[in-house]
Amino acid sequence: MFRRTPRIFAATLAVAALALGACAEKSSDDTPASGGGSAAAAFPATVGKLTLEKRPEKIVSLSPTSTEMLFAVGAGKQVTAVDDQSNHPPEAPKSDLSSFQPNAEAIAGKAPDLVVLSDNMNKIVEQLTTLKIPVLITPAAVTLEDTYRQLTDLGTLTGHPTEAADVVRRMKDDIAKLTKDLPQRSTKLTYYHELGPELYSATSKTFIGSIYTLAGLENIADPSDADGRNGGYPQLSQEVIVKANPDFVFLADTKCCKQNLETVKARSGWAGVTAVKNNQVVALDDDIASRWGPRVVDLLRSVVDAVAKVPA
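Residues numbered from 1 in each chain as written. Predicted model: local features only at pLDDT ≥ 70, side-chain atom pairs only at ≥ 80, totals over all residues. Heavy atoms only, no water.

Caption draft 1: Representation of the nonpolar core. Ranked by size, the top nonpolar core spans 60 residues in total, and within it Tyr 212, Leu 217, Phe 248, Phe 250 and Val 303 carry the most contacts. Considering every element that reaches this core, the biggest residue donor is helix H11 (residues 296-308), with eight residues. In contact with Leu 217, not counting residues within four places along its chain, are Leu 189, Tyr 191, Tyr 212, Phe 250, Val 303 and Val 307. (Core = buried A, V, L, I, M, F, W, Y, C linked by side-chain atoms within 4.5 Å. Buried < 20%, exposed > 50% of the residue type's maximum accessible area, 1.4 Å probe, protein only. Helix = DSSP H or I, 4+ residues; strand = E, 2+ residues; numbered from the N terminus. Contact = heavy atoms within 4.5 Å.)

Caption draft 2: Fine view of helix H6 (residues 161-180). Taking 1.5 Å per residue as the helical rise, H6 with its 20 residues ought to reach 28 Å, and the 28 Å between its terminal C-alpha atoms agrees with that figure. Of the residues making up H6, those classed as buried are Glu 163, Ala 164, Val 167, Val 168, Met 171, Ile 175 and Leu 178. Relative to the axis of H6, the buried residues are bounded by an arc of 140° and lie together on one face. Those residues of H6 that are exposed and angled more than 90 degrees off the buried face are Lys 177 and Lys 180. Elements that come into contact with the buried residues of H6 comprise helix H2 (64-72), helix H5 (144-158), helix H7 (207-214) and H11. (Expected span 1.5 Å × (residues − 1). Arc of directions from axis to C-beta.)

Caption draft 3: Structural context of the environment of Glu 163. Structurally, Glu 163 can be placed in helix H6. Judged by its relative accessible area of 14%, Glu 163 falls in the buried class. Through-space distance from the C-alpha of Glu 163 to that of Ala 72 is 8.2 Å; in sequence the pair is 91 residues apart.

Here it is as structure tokens:
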């Protein structure tokens, strides 16, 4: 998601104090930003307990995923500032605002008529509410339905409901196409998803894990958090991973921590793991692999493409 992917990702997903210690963008091909709203837009607009009397024209996003969503639904021109980790699309107005140490005064200095964020760090919601600044919380998704709902909500509040519906429909269509012709296997292929070289992973109960489930893969991390004590993000040991002998290793720490096939192969005992022996260590884009916005389709495509190379 960000340059310090494992630690920040865990925080964004509200995983308690994991202390992970780890440290290819492309042009947006989603619905282009539009100066005018959807013809179907109606104000006042309400999402949950938040009602906006008119279309917001100075939106501040303190969530990289929300930034991607806002631009995807056509509200890009209404976004006047984004946090220091929002790096996609390239035209997003990046600022020095922090989503992990949010400062109400700094945010208010942008004169926003809507602030979108994923977490209530430092009780920032209460502070902004006191300043009479509207706030929408878009928490980390647990399912794809959460992603679709957030896109729909952002479309409603920004005056782009039709564009948001189009994005959701395209995502569903693309996911259906990617998964409909998956090869039928008598035994599921297994995988290990790496958040960082400290060997934190994500189970099937997480949003990340749900993407792999769509591709028909079995997660070797699941037994390590069967009781959910780690919130779906357990730290595995080298011994556990080597013994599980996954068919795939998916690296979500290629940019932040420079992990690749060679660094994985150099780990103690890993040279004999099936994924390494068969050159099935897949380098993912850190950001795409840790955000729940429209580019989850790209993540699924990377996984499906890797799986398709293995004979059924």
